[in-house]
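Residues per chain, in single letters:
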Amino acid sequence: MITRSNLAEQLREYQIRSKHDWASVSFFSSTSSSNPAYSRVDVVIFVIWELVSLAFLVFSAVSLYFKHLQLAFILICITVLLLVGMKVTKQVRLNRKKKRRMLLPLSM
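Residues numbered from 1 in each chain as written. Predicted model: local features only at pLDDT ≥ 70, side-chain atom pairs only at ≥ 80, totals over all residues. Heavy atoms only, no water.

## Structural notes on the packing of aromatic side chains
Applying the stated criterion across every chain, the model contains 1 aromatic pair. Look at Y65 and F66: their rings are 5.1 Å apart centre to centre, the planes differ by 75°, and that puts the pair in the edge-to-face class. Both residues of the pair, Y65 and F66, count as exposed. Across the ring face of F46, the terminal group of K90 is positioned such that the distance to the ring centre comes to 4.7 Å. (Phe/Tyr/Trp six-rings, centres within 6.5 Å; stacked < 30°, edge-to-face > 60°. Buried < 20%, exposed > 50% of the residue type's maximum accessible area, 1.4 Å probe, protein only. Lys NZ or Arg CZ within 6 Å of the ring centre and 35° of its normal.)

Shown next, in the form of structure tokens:
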């Protein structure tokens, strides 16, 4: 049952969340403007994931230079898995945020 206090609490939480309008500095993020704003924690997590994947790519290039093909292949596979995991994590977070927003009544 929807009560006035529940609506007020949801509105307060929505206003607090909407204050943190952080643009994603993520290199692999989509540039569509329909995505909701990311929080500071989301941006930090995505940047850390990107730095780790970039490090794996650099290490794989170095291992290719020294002709360690198996190590390079393993590092590239790990990088691809990290990038896929980053995309999945981002979609899960966006879906959770959309679901939370849908809890607010349309009149607000």
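## Notes on the UniProt feature "transmembrane region" (unreviewed entry) in the chain
Here, UniProt's "transmembrane region" (unreviewed entry) annotation points to residues 43-65 and 71-89. The straight-line gap between the two end C-alpha atoms of residues 43-65 is 33 Å; of that span, 100% is helix and 0% is strand. In the segment residues 71-89, helix accounts for 100% and strand for 0%; the C-alpha atoms at its two ends are 27 Å apart. (UniProt positions renumbered as here; feature names shortened; annotations may be inferred. Helix = DSSP H or I, 4+ residues; strand = E, 2+ residues; numbered from the N terminus.)

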